[in-house]
Amino acid sequence: MDSVGRPLPGWWHVTWICAVIALLSAACFYRWIMAQSEGNARMQEIAQYVRDGAYAYLRRQYRVVAIFFVVVSALLAIMSFGLEVQHRLVPFAFLTGGFFSGLAGFFGMKTATSASARTAEGASHSLDQGLKIAFRAGSVMGLTVVGLAMLDISLWFLYLYKFHHQIFGGEPMSLESITVVMLCFGMGASSQALFARVGGGIYTKAADVGADLVGKVEAGIPEDDPRNPATIADNVGDNVGDVAGMGADLYESYAGSILATMALGVAAVSFGGMPEGFDNAFSAQLAFLSAPMVLASVGILLSLAGIFLVTTKEGASMKELMWALNKGIWGSSALVVVVASVVIPMLLPASIAWGVVAAITIGLVVGLIIGYGTEYYTSAEYQPTRGIADQAVSGTGPLIIDGIAVGLMSAWIPITAVCIGMLVSFGMCHGFENLAMGLYGVGMASVGMLSTLGITLATDAYGPIADNAGGNAEMAGLPKQVRERTDALDSLGNTTAAVGKGFAIGSAALTSLALLAAYIEEVRVGIHREAVAVYQVEEGAGYNAVDLGFGKYGLYLASADGSHHENYTISTFRSTADHAVDVVVDGKPVSMIVNHLGSSVRQASDDSLIAQLIATTPAGLFDFMDYYDITLMNPKVLVGVFSGVLMVFVFGAMTMKAVGRAAMAMVMEVRRQFREMPGIMEGTTTPDYARCVAISTAGAQREMIRPSLLAVLAPVLIGLLLGVAGVMGLLVGGLCAGFAMAVFMANAGGAWDNAKKLIETGQHGGKGSDAHKSAVVGDTVGDPFKDTTGPSLNILIKLMNMVSIVFAGLVVKFAPEIASFLGMGQ
Amino acid sequence: MDIHLYLMCYRTEALVASQLEAEEFGSYMAVGTRKKTFGNVLFFEIDPTFRSTELHLEQVEAKCKPHPDGTPRRSKYMSLYRVMERIPLPAYGKLYLTTRDGRVLALDGRNFDDEQNTGGPFMYAELCPLTSRLVSHLSPKAFCQRITNPATTVYVPRIFFADTQIELDSDGHLAGYLPYANPSHIEDCLREVEERPDKLGKTVDRNPPLVAFYRTIASGFYLGDSTGIKFYSYPDVASLDADHHEWWRSASMG
């Protein structure tokens, strides 16, 4: 199809308009927040300390990340332009993904650090005003993430669909190529997210543990006391970990789920057959590609509507505050289902549309179940956490044992929900008859789950803002009534933060199946590209074939009218010695004999023994599974699975060790300041907050590099060593172990934290009691669980997927060579 | 610079001269010039005009001088051991409660002669010179008179103790917010003194760690002997949180 005959589909305008609305709304909320009073001079001073610390951290992190991005972009450029194993736009897609993801985190943190003092000041007027400021600040984060992600997707689609071939010449890009190139910007977003999550997680816990161990335990200084040198770093940590980290994380999940589902939609038509209601494959592909983009775009508007539903009254109880947030989330979710019921049947044929609507609904329900399952296992309102608090009376050991048990048990809700959601959405889209459509359904379920991200992320980001507001109120010595209001907002924030973490992990799991299928799409393109790269057109030759080795062939087929040359490259998965093949050209079977010397002849044959060459474009998933021998009986798959599991454990250990080392540096610094700066405890000398911020920043940057490199390198190395089969095993092992481990760690940590908070309300002796001391130990153990390693694991899962996708071409081309050299088959 | 006299009266019993005001002294004793963990500090302010050769106070002006660099003398120990009993009750001024991180709360004292027996039983934390925790159905006044009665075989010349909380819930168990280490043992002790009126007191713990001590105080602190009692009333939690918020937050840390 030429460029003139390829007008932009009307629905594309929905995507950029919704993205712009999200960003404009975020800008309006930001202006509204900035127009609010930041309180008295002391409040402003404290807020400025936190802002300075947060920016200092971000500047340093972005420097490290920039180096990483330059190096990886250079590698990708070599792969694209030198080795020609991937599309030449991949390095640029990688860069924009990282850039937009980082930008989302930056805007979120900029707003959050500006909002805490304003929330405290708002709470001095009314509870509702405090809630409104904190929640709208969180909304800036939510809307910025979805707005930037959608804008990035929308602009890339515009460029690839409409302009790329006009600028650089050649044929318009196929929708397969468009989707797989766009998928690669997910790696940029994932890399940024990993650094933000791991670095932020290490930072926040190093500061927290340092502040607690020396400030609270040794010096007996209460929480958020300005005499504690680490208290500002602790407040900064809430922002860099839970705001910037969470934002970058969910940006990646959101974009990843949309892009993967777009790729699956296109692939579903390619290898799943043309659905009813379409007269050509292109329009069918375009329709299936449009659904996730349109749904996510509409979800932005409905999230915005939900944000305005969040209000409360003065003196609201905890339940009423929770309801204030829930009515926003539930309202948006219900609206998404209603609107999807109208929009999806307009885009897709009736035979599949209602199945997709059902999958979207299932995705939303699974998201809510995971969120509230997390709340059940981590909130002090319910038995699991209360049970941990009960065990504190018996000592630290029983408390730790019970916390681990609760964390382990808590995995059943999200895992069961994801499993059921996966099966039902698969089935509702006729997956048991048509695998491709089933996978598309699962992808749409993940898009459905994340369609209300604008508001769910707002509730997540609200947590640290309310927490910081409480700290600001305490440090500024605001009246009791204000502190009570900020405490109420903070308590609510603890629950929403835990729910948000569960949601992030759940969405990662559901998205990962779509990404797993999308990986095969990249393998498909990788094989195709490999053939294109080596193919030499022989003028005048009707059919030519190039043996790529390992049973793969590049075939050149001239177009029927001979007016232009079309590289129709296929590969064989099964071939006989005489290389007789049967391929499909323009939908019609063509039999030919490949002579193995670079040419081929068309030959009509009725010989049933002639093996088929299967073209990569219409090849089904099972064809790839067959070719790469991806079965449980293949030791490469099993070794890959074990490697994936091992990755989770090693990565977890590295991040936790990193927290320990960074925290130790902070402990030493806080002790040093107490030792060398007389007057801190009397309140006559201001501690050197900046030094603690710098130590935590340096520690986090230093410590995040090794686990991040591991996450990036492992899929490439496993891929080169064990091939596509090994990578599939790695991704499956990483997904299963990582999902379960992430849920376990996040929930155990959250439960220990809230058990401690429950005791602090006066249960089992309250603060300072032996039970409290045990609970403090549990909380210290749980801190890196829930704020560093647990949340980082879901990015590990996604990043391994993304790295595998981006490096698929390299693996497809070189893994068989390496395996052959090592005598491990192909 | 004025010279103040302070009587440390928990763990270390000492009369200390200082040129610091009470709040500064409390902070200094709790955390030093650099952070050191000494734990909670309780001390009385003593009438600065009080003099006693037995306690070497005639030397106080000579010993408690500013440092050569002009900074005030923070602490000059004038006398150790059995000091509290040798200072007449009228010389005792305010009682200062210092938290681990150096926050100081001042309590005013008054002569205490009303029975105010609210029914008991009571649990007392002896602070000086004894350091036991015990339960008794004797009221604070009766307990003070009993333990300092020279006519008995077991007595001390003067006692400083706190009345601590034994709030029970509807099931007869100690209230959950109380930070005592072995609540069921305390419940047993309470039952025993209630069931045996002839038993004046029952030791709960001979040398308890005063965990989250300031959260356990009931009516307040008592200092007395057979001649009289001084009572330092302790504010309720609402007043502490509202009027002494910083101190109460630190005190709640344990």
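Bear in mind the structure is a predicted one, so any value in this text is a computation, not a measurement. (Residues numbered from 1 in each chain as written. Chains lettered and ligands numbered in written order. Predicted model: local features only at pLDDT ≥ 70, side-chain atom pairs only at ≥ 80, totals over all residues.)

Caption draft 1: Spatial organisation of the environment of V637 of chain A. Residue and element names in this part refer to chain A. In this structure, V637 sits in helix α18 (residues 635-676). Using a count of 26 C-beta atoms within 10 Å as the deciding quantity, one classes V637 as buried. Placed 408 residues apart in sequence, V637 and P229 show a C-alpha to C-alpha distance of 51 Å. If we skip the residues at most four places from it in the chain, V637 touches I630, T631, L632, A725, M728 and G729. (Helix = DSSP H or I, 4+ residues; strand = E, 2+ residues; numbered from the N terminus. Buried ≥ 20, exposed ≤ 12 C-beta atoms within 10 Å, placed from the backbone. Contact = placed C-beta atoms within 7 Å.)

Caption draft 2: Just the packing of helix α6 (residues 185-218) of chain A against helix α19 (residues 689-760) of chain A, in detail. All names here are of chain A. Their axes nearest at 8 Å, the elements α6 and α19 cross at an angle of 140 degrees. The orientation of α6 relative to α19 falls into the category oblique. With respect to the hand of their crossing, α6 and α19 are arranged in right-handed fashion. Taken together, the residues of α19 that come into contact with α6 (itself represented by L194, F195, V198, G199, I202, Y203, A206 and A207) are C692, S696, T697, G699, A700, Q701, E703, M704, P707, S708 and A711. (Axes fitted to C-alpha atoms, helices over the stretch in contact; angles between N-to-C directions. Parallel < 35°, antiparallel > 145°, perpendicular 65-115°, else oblique. Left-handed = near helix turned anticlockwise from the far one by under 90°.)

Caption draft 3: Layout of the sheet that holds strand β10 (residues 159-164) of chain B. Residues and elements named next belong to chain B. What the 7 strands build is an open sheet, ordered β7-β13-β12-β10-β8-β9-β11; its pairing is antiparallel. Bordering the open sheet on either side are β7 (109-111) and β11 (201-205), each of which pairs with just one other strand. When the angles between neighbouring strand axes are averaged without regard to direction, this sheet yields 30 degrees. Against the sheet, helix α4 (residues 183-195) contacts β8 (122-128), β9 (133-136) and β11, and its axis sits at roughly 175 degrees relative to β11. (Pairing = 2+ DSSP bridges.)

Caption draft 4: Structural view of the sheet that holds strand β6 (residues 104-107) of chain B. All names here are of chain B. An order of β4-β2-β1-β3-β5-β6 is seen for the 6 strands of this open sheet, with the pairing classed as antiparallel. The outermost strands of the open sheet, each flanked by one partner alone, are β4 (76-80) and β6. Across the sheet, the mean angle separating the axes of adjacent strands is 30 degrees when strand polarity is ignored. Two elements, strand β3 (residues 41-46) and strand β5 (residues 92-98), share 5 bridges in a ladder whose sense is antiparallel. Within β5, the residue paired with L42 across the bridge is L97.

Caption draft 5: Focus on unusual backbone geometry. All names here are of chain B. Cis rather than trans, the peptide bond between C128 and P129 has omega equal to 0 degrees. Within the secondary structure layout, P129 lies in the loop between β8 and β9. Look at H56: it is not a glycine, yet its phi comes out positive at around 65 degrees. Along the chain, H56 falls in the loop between β3 and α2 (60-63). With 15 C-beta atoms packed within 10 Å, H56 lands in the partly exposed category. If you check the backbone angles, R82 has positive phi at about 50 degrees while not being a glycine. Within the secondary structure, R82 sits in the loop between β4 and β5. Residue classification places R82 among the partly exposed positions, given that 14 C-beta atoms sit within 10 Å.

Caption draft 6: Geometry of the confidence of the model for chain A. Here chain A averages 84 in pLDDT, while 89% of its residues score no lower than 70. Within chain A, strand β3 (residues 565-566) of chain A has the poorest average pLDDT of any element, 50, and helix α12 (residues 396-410) of chain A the best, 96. (pLDDT = per-residue confidence, 0-100.)

Caption draft 7: Main features of the nonpolar core. One finds A134, V145, M182 and V356 of chain A together with L7 of chain B to be the most contacted residues of the largest nonpolar core, which totals 358 residues. If sequence neighbours within four positions are ignored, V145 of chain A has contacts with A104, G247, L250, Y251, Y254, L453 and L457 of chain A. (Core = buried A, V, L, I, M, F, W, Y, C linked by C-beta atoms within 7 Å.)

Caption draft 8: Fine view of the interface of chain B and chain A. Counting residues at the interface gives 27 residues for chain B and 21 residues for chain A. Elements supplying a minimum of two residues to the side of chain B that touches chain A: α1 (22-31), α5 (237-243) and α6 (245-252) of chain B. Tallying contributions element by element places α6 of chain B first for the side of chain B that touches chain A, with 4 residues. When grouped by side-chain class, the residues that make up the side of chain B that touches chain A number 10 nonpolar, 10 polar and 7 charged. (Nonpolar A, V, L, I, M, F, W, Y, C, P; charged D, E, K, R; others polar.)

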